[in-house]
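# Reading the structure
Okay, here's what each chain looks like letter by letter:
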Amino acid sequence: MVLNRIFSVALRSSHRGSSAILQHRCHSTSAVATNSSAGLAVPPPPTAMIYDRLAEEVKYKIQKLDNPDPRFLRFGSPEPKLEDHSSILSSPATKITTLPNGLRVATESDLAARTTTVGVWIDAESRFESDETNGTAHFLEHMIFKWKEKRSARGLEVEIENMGGHLNAYTSREQTTYFAKVLDKDVNNALDVLADILQNSTFDEHRINRERDVILREMEEVEGQTEEVIFDHLHATAFQYTPLGRTILGPAQNIKTITKVHLQNYISTHYTAPRMVIAASGAIKHEEVVEQVKKLFTRLSTNQTTASQLVSKEPAIFTGSEEIDDDIPLAQFAVAFSGASWTDPDSIALMVMQSLLGSWNKTAGGGKHMGSEPAQRVGIDEIAESMMAFNTNYKDTGLFGVYAAAKPDCLDDLA
């Protein structure tokens, strides 16, 4: 009798439990169905059976993929969109104005700064010379600070020093640059100096002869720097019989024969408004710089021939070969491939690749464990005196590769 009562109680309890579970399962299923119909997936309840939970989790993930959160859709869209990131950029936006004569003015304003760098970038250098005039652009960069109609060389030095400023220039294979670093109150004076040296330079024969000797001594110094010589040979080998194969300084014979006429002709032909950019960054206002440039740069040639047109007439063709010089104690070499131009999207990828490969020098103070993994391996294994990746961009081509200096018995390990 007692056993019968126990069995009956157990049966009633199990029936109530199964009914509750069934009822709960029905409610949860209907809840999922209701939310799914609304497009909002919810995870299965923890009390569901294990296989039901797995099935519901898979369905839940699929629904999330089919109906992604709209807040994150713009970051995960397979179609690229142009977004404005100026609000989070560390540098201010660049403003560009093109004047009627073709001269461009580009500025980045940071009024919180107290200094400004302003310069003139010109599409003119050894690439736009001939074999007979190679070296003229670099010679001109030396001469242009020497004497002006309004300022003597000594007066120019004193004026820049009194401003606490810095005036300099440099040349590459495609560009010549003159720039000044000054305090915010001296920006107009710096622009006046740049306009004066570019438009009013006079070339005295005595000063030309004196500067000729300076450049010939500079050429001797450069020839003693193996790294500089190797990269000159690299360009001459990679771009044979094309303008990019010429050196910046030019051959010694040309330096000895350059005259005042050569310099004046180069200015009138290549120092033209459409091939110049006035760039300023720091404590400046774009509109004020534009107005000042309009007042000062009024004597530039307006020849509409652009550097791109000149490049299209004489494009740089990557030939490639090898050149070996056995007269140096260390094995110094550069291996290069045809790279990308400035406007090629691949130029960014090559810049990243250059950073990944890195550089290392035995004389650097960082030790063997600094830099990228390849650089660390070179330092730790002591298989080179120095190494560096390089990426050089030009208007229509480029060079990407690695330069290294090592002892001859380490070359196999370095390779």
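This report concerns the structure included in the present document. Values in this document were obtained by computation on a predicted structure and should not be read as measured data.

### Focus: the sheet that holds strand S8 (residues 359-361)
Strand order in the open sheet formed by 4 strands is S7-S10-S9-S8, and the pairing between neighbours is antiparallel. The sheet is open, and its two edges are formed by strand S7 (331-338) and S8, each paired on a single side. When strand polarity is set aside, the average angle formed by the axes of neighbouring strands in this sheet is 25°. Here 3 bridges tie S8 to strand S9 (residues 386-393), and the two strands are oriented antiparallel to one another. What sits directly across from Ser-359, in S9, is Met-388. Of the strands in this sheet, S7, S9 and strand S10 (398-406) touch helix H8 (residues 226-238), which is tilted by about 35° from S7. Packed on one face of the sheet, helix H13 (residues 346-357) meets S8, S9 and S10 and runs near 170° to S9.

### A few points about the sheet that holds strand S3 (residues 115-122)
Read from one edge of the open sheet, 6 strands run S1-S2-S6-S3-S5-S4, paired in mixed fashion. Each edge of the open sheet carries a strand with a single partner, namely strand S1 (94-98) and strand S4 (166-171). Across the sheet, the axes of successive neighbouring strands diverge by a mean angle of 15°, strand direction being ignored. Where S1 and strand S2 (residues 104-109) come together, 5 bridges link them in antiparallel fashion. Residue Ile-96 lies in a different strand from S2, and its bridge partner there is Ala-106. Against the sheet, helix H11 (residues 286-296) engages S1, S2 and strand S6 (276-282), with an angle of about 150° to S2.

### Observations regarding unusual backbone geometry
Of note in this structure, Tyr-241 is not a glycine but carries a positive phi near 60°. The exposure class of Tyr-241 is exposed, given its relative accessible area of 84%.

### Notes on the pattern of salt bridges
It is possible for side chains of opposite charge to pair when their charged atoms get near one another. Going through the model one piece at a time under the given rule, you end up with 10 salt bridges. Linking Glu-174 and Arg-127 is a salt bridge whose minimum nitrogen-to-oxygen distance equals 2.6 Å. Placement of Glu-174 in the loop between S4 and strand S5 (176-183) and of Arg-127 in the loop between S3 and helix H4 (136-143) is noted, with a sequence separation of 47 residues between them. Of the charged contacts, one joins Arg-246 and Asp-131 as a salt bridge, the two residues approaching to 2.9 Å between their closest N and O atoms. With Arg-246 in the loop between H8 and helix H9 (252-257) and Asp-131 in the loop between S3 and H4, the pair connects residues that are 115 residues apart, well separated along the chain.

### Topic: the environment of Asp-396
Relative to the elements of secondary structure, Asp-396 occurs in the loop between S9 and S10. When the C-alpha positions of Asp-396 and Ser-308 are compared, they lie 8.7 Å apart, and in sequence the two are 88 residues distant. With residues near it in sequence (within four places) discarded, Asp-396 still touches Arg-127, Val-311, Pro-315, Ala-316 and Ser-341. Here the side chain of Asp-396 touches Ala-316 through a polar contact of 3.2 Å, landing on its backbone nitrogen.

### Structural notes on the layout of surface pockets
Empty space among the atoms becomes visible once a probe the size of a water molecule is rolled across them. Space inside the largest pocket adds up to approximately 940 Å³. Looking at the largest pocket, it is lined by 37 residues, and the ones nearest its centre are Thr-171, Ser-172, Arg-173, Ile-248 and Tyr-394. Secondary structure elements with two or more residues in the lining of the largest pocket: S3, S4, helix H7 (205-223), H8, S6 and S9. Here the lining of the largest pocket takes 6 residues from H8, the largest share from any one element. Of the residues that constitute the lining of the largest pocket, the class distribution is 15 nonpolar, 11 polar and 11 charged.

### As for the packing of H4 against helix H10 (residues 260-270)
In contact at an axis separation of 10 Å, H4 and H10 are set at 100° when each is read in the N-to-C sense. Here H4 is positioned roughly perpendicular relative to H10, judged by the angle of their axes. Along the contact surface, H4 presents Thr-136, Ala-137, Phe-139, Leu-140 and Met-143, while H10 presents His-262, Leu-263, Tyr-266 and Ile-267. Each residue belonging to the contact of H4 with H10 can be placed in one class, and the counts come to 7 nonpolar, 2 polar and no charged.

### With respect to the side chain of Thr-177
Note that Thr-177 resides in strand S5. In this structure Thr-177 comes out as buried when scored by relative accessible area, which is 0%. Of note is the side chain of Thr-177, whose polar atom sits 3.3 Å from the side chain of Trp-121. If we skip the residues at most four places from it in the chain, Thr-177 touches Val-120, Trp-121, Asn-168, Ala-169 and Tyr-170.

### Focus on the packing of aromatic side chains
Applying the stated rule across the entire model yields 7 aromatic pairs. With 5.9 Å between their ring centres and 80° between their planes, Phe-145 and Tyr-178 make a pair best called edge-to-face. With a gap of 33 residues between them, Phe-145 in the loop between H4 and helix H5 (153-162) and Tyr-178 in strand S5 connect regions that are remote in the sequence. Residue Phe-145 shares its accessibility class with Tyr-178, and that shared class is buried. Above the plane of the ring of Phe-128 lies Arg-275, whose end atom (NZ or CZ) is 5.0 Å from the centre.

Quick notes on the rules
Residues numbered from 1 in each chain as written. Predicted model: local features only at pLDDT ≥ 70, side-chain atom pairs only at ≥ 80, totals over all residues. Heavy atoms only, no water. Pairing = 2+ DSSP bridges. Helix = DSSP H or I, 4+ residues; strand = E, 2+ residues; numbered from the N terminus. Axes fitted to C-alpha atoms, helices over the stretch in contact; angles between N-to-C directions. Contact = heavy atoms within 4.5 Å. Buried < 20%, exposed > 50% of the residue type's maximum accessible area, 1.4 Å probe, protein only. Salt bridge = Lys/Arg side-chain N within 4 Å of Asp/Glu carboxyl O. Polar contact = N/O pair within 3.5 Å; in protein donor to acceptor, adjacent residues only side chain to side chain. 1 Å grid on protein atoms, 1.4 Å probe; cavity = no way out; pocket = protein on both sides within 12 Å on 5 of 7 lines; lining within 4 Å. Points joined across faces, edges and corners; volume = space filled by probe spheres on them. Nonpolar A, V, L, I, M, F, W, Y, C, P; charged D, E, K, R; others polar. Parallel < 35°, antiparallel > 145°, perpendicular 65-115°, else oblique. Phe/Tyr/Trp six-rings, centres within 6.5 Å; stacked < 30°, edge-to-face > 60°. Lys NZ or Arg CZ within 6 Å of the ring centre and 35° of its normal.

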